[in-house]
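Observations on the three-dimensional arrangement
Each chain is listed here by its residues.
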Amino acid sequence: MSRLAETFARTRGEGRAALVTFVTGGDPVPAATPAILDALVDGGADVIELGMPFTDPMADGPAIQLANLRSLGAGTTTAKLLEIAHDFRARHPSVPLVLMGYANPMLRRGAEWFAAACAEAGIDGIICVDVPPEEDAVMGPALRAQGIDFVRLATPTTDEARLPAVLEGASGFLYYVSVAGITGLQQATQGSIEGAVARIRAATDLPIAVGFGVRTPNQAAAVARVADGVVVGSAIVEAVAAAGARGEPPADAVRSIVKGLSAAVRSARQDQAA
Amino acid sequence: MNVPNSFRALPDDTGHFGEFGGRYVAETLMPLILSLEREYRAAQADRAFAEELDYLLNHYVGRPSPLYYAERLTEALRASAEPGMGAKVYLKRDELNHTGAHKINNCIGQILLARRMGKTRIIAETGAGQHGVATATVAARFGLPCTIFMGAKDVERQQPNVFRMKLLGAEIRSVSSGAQTLKDAMNEALRDWVANVHDTFYIIGTAAGPHPYPELVRDFQSVIGREAKEQILAAEGRLPDLLVAAIGGGSNAIGLFHPFLDDPDVRMLGVEAAGHGLDKQHAASLAGGSPGVLHGNRTYLLQDEDGQIAEAHSISAGLDYPGIGPEHSWLKEIGRVDYTAVTDTDALDAFQLLCRTEGIIPALEPSHALAAVARVAKEMPAEQIIVANLCGRGDKDIFTVAHALGVAI
């Protein structure tokens, strides 16, 4: 069983959603990322999404755009990012690590090279924003051959007719992007999230994680009541930026925000039962 | 090399030109891209669509544009050629179109598609502002609200076009993310589109982006090549020996080339912007780039070893883009079209040459094509024929040119 499958099975067994947290790798500087990742785990994150910086993050809002530029400006390279992942795996043998980013940096040296390098670094899954199912051949087979989960995204525009195509070849979990938009801005209504999760659940056994616009413990708890996973990204990335601006080490700020989110996710369904 | 039966049969039904093209977009956009393709197929089969397009091209854009024998330019080039050398140069005068460039051909086609799809809001990216002006123009003509995304640096450099767009009723969104130029404007337009898929149509300005854009932009621009073919047959009784066109994203070039691709005796030359030189900062994706994925398609890109996109440079803001339409990438790989690159300096020389020999002020984009013409015409026998695409007029560029020549206006 993969680390992602094990983790979602465990949180399901505990009667709660998994907390999935995103940070941009190398933001604000590559040397800061290991401590930030440790703080995510320490704060209670169940799954780590490590953002692979790109000059042109078309699907991201201002917070993550700036994080990408800070990271690249600080000299983050693909080699450095893989090294960060590799060292994380050594420190945290069982925490799933998912690399999230855009096709061009991932495909630069070829899909086979990338898949092998990810496997070597102990990366469990890939989320590639701009490779829809229609272009699966460019990356999917190489990842599957290395036993790496290719996490697919579904959105409010993914209708019932299209959903099977999105699910075909998906593994790890299904990432439901709850708003038609970019990261970090508006949040979907609870009703629309519940409807979408029910619709997707009827079509797959994969765990469903919901993200985009989830910022506060209250919002995370609301999503955690219906989904198998809650993804929080921009709010944590903003905390990294704010700490950096104050000249403080970002890890402390990250730990603190993740603790709040984690507590909310863990208690969400108990509150509901009570 | 495996030579296909036709060079005009692509993209395939998944939107690929060989290994190039495709639909590399976020899932949110996929359903919309698929429905655009369905709508385009329906429009292609609809005679009323073609009739309305033709009507607007004739009466609103001012087509057909003339094919003009540039006699004094030809003579000027022959003056420095060996005896008996120096091809006859014809100019396809798309700079005479309404709004002063070829961009409008495509905008008219796309806004008709937008209306067919029931979309009520138009967005577009622009670099120099030519595509923005053309988009704002058709949006005004069809009464649709329009938002143009433009890099903050370009907004500063291209004030006259910014004002033109405002006069036409468009909202200008100055993009201060990233490098603040064309590619960032396109990123921001894509971000807006993802958030407004329900009512918004994105009029992409060049033959790039996710399928079906490269195909439909090419088809709308192919009016250039179809007219040129008819006109050169009428003027000379035969096809030209060489077609020349400038390439940023490549829409004017593919528009001229595509109708001739299966005429084996017609050679073609696409001209990229070599900026300060191919060993310095430039915008020549084919000459100095490598295949990658950006803005919805796989194509040649300027990028570093980690796949980070590089900053392009050209004196011509319309060529200042680190990618190129995927069909050009394919035509290069398969060898059907030759590609070369021209520096800022050579383009400026050609700009002035055309002003003085023909009384035509060309845009800086086709000045790159003219510089290549100046280079190759001398090597061709005098009875041979070149058709170059004069895809835009130079009014918008006079400030840039004055600055480059050290003249204060």
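Source: prediction; values computed, not measured.

Further remarks concern the side chain of S222 of chain B. Residue placement: S222 of chain B occurs in the loop between α9 (213-221) and α10 (223-236). Those residues within four positions of S222 of chain B in sequence are excluded, and the remaining contacts are I254, G255, H258 and P259 of chain B.

Adjacent strands of a sheet form backbone hydrogen bonds with each other and so pair up, either parallel or antiparallel. Residues and elements named next belong to chain B. Spatially, four strands are ordered β1-β2-β12-β11 in an open sheet, and the strand pairing comes out antiparallel. Where the open sheet ends on each side, the last strands, each with one partner, are β1 (16-17) and β11 (290-294). As judged from the two bridges shared by strand β2 (residues 20-24) and strand β12 (residues 296-301), these two strands associate in the antiparallel manner. Counted as the bridge partner of Y24 is G296 from β12. Contacting β1, β2 and β12, helix α13 (residues 326-334) runs over the sheet at an angle of about 45° to β12.

The next subject is the interface of chain A and chain B. The partner chain B presents 36 residues to the 36 residues of chain A that form the contact. In total, about 2,800 Å² of surface goes out of reach between chain A and chain B, with carbon and sulfur atoms giving 50% of it. Broken down residue by residue, the surface that chain A buries against chain B is led by M58, R108 and E135 of chain A, which jointly contribute 22%. Between the two partners, chain A and chain B, sit three salt bridges.

Take the UniProt feature "domain: Tryptophan synthase beta chain-like PALP" (unreviewed entry) in chain B next. Taken from the UniProt record, the annotation "domain: Tryptophan synthase beta chain-like PALP" (unreviewed entry) applies to residues 64-392 of chain B. Secondary structure content for residues 64-392 of chain B is 42% helix and 19% strand, while the C-alpha to C-alpha distance between its ends is 15 Å.

Turning next to the UniProt feature "active site" (unreviewed entry) in chain A. As annotated by UniProt and renumbered to match this structure, "active site" (unreviewed entry) occupies E49 and D60 of chain A. Take E49 of chain A: it is sitting in strand β2 (residues 47-51). Every residue in contact with E49 of chain A, bar those within four places of it in the chain, is listed here: V20, T21, F22, V23, V98, M100, I127, F173, Y175 and V231 of chain A. Once residues within four sequence positions are removed from consideration, D60 of chain A is found in contact with Q65, Y102, I182 and T183 of chain A together with R191 of chain B.

Definitions and limits used
- Residues numbered from 1 in each chain as written.
- Chains lettered and ligands numbered in written order.
- Predicted model: local features only at pLDDT ≥ 70, side-chain atom pairs only at ≥ 80, totals over all residues.
- Heavy atoms only, no water.
- Helix = DSSP H or I, 4+ residues; strand = E, 2+ residues; numbered from the N terminus.
- Contact = heavy atoms within 4.5 Å.
- Pairing = 2+ DSSP bridges.
- Axes fitted to C-alpha atoms, helices over the stretch in contact; angles between N-to-C directions.
- Buried area = accessible area lost by both parts, 1.4 Å probe.
- Salt bridge = Lys/Arg side-chain N within 4 Å of Asp/Glu carboxyl O.
- UniProt positions renumbered as here; feature names shortened; annotations may be inferred.

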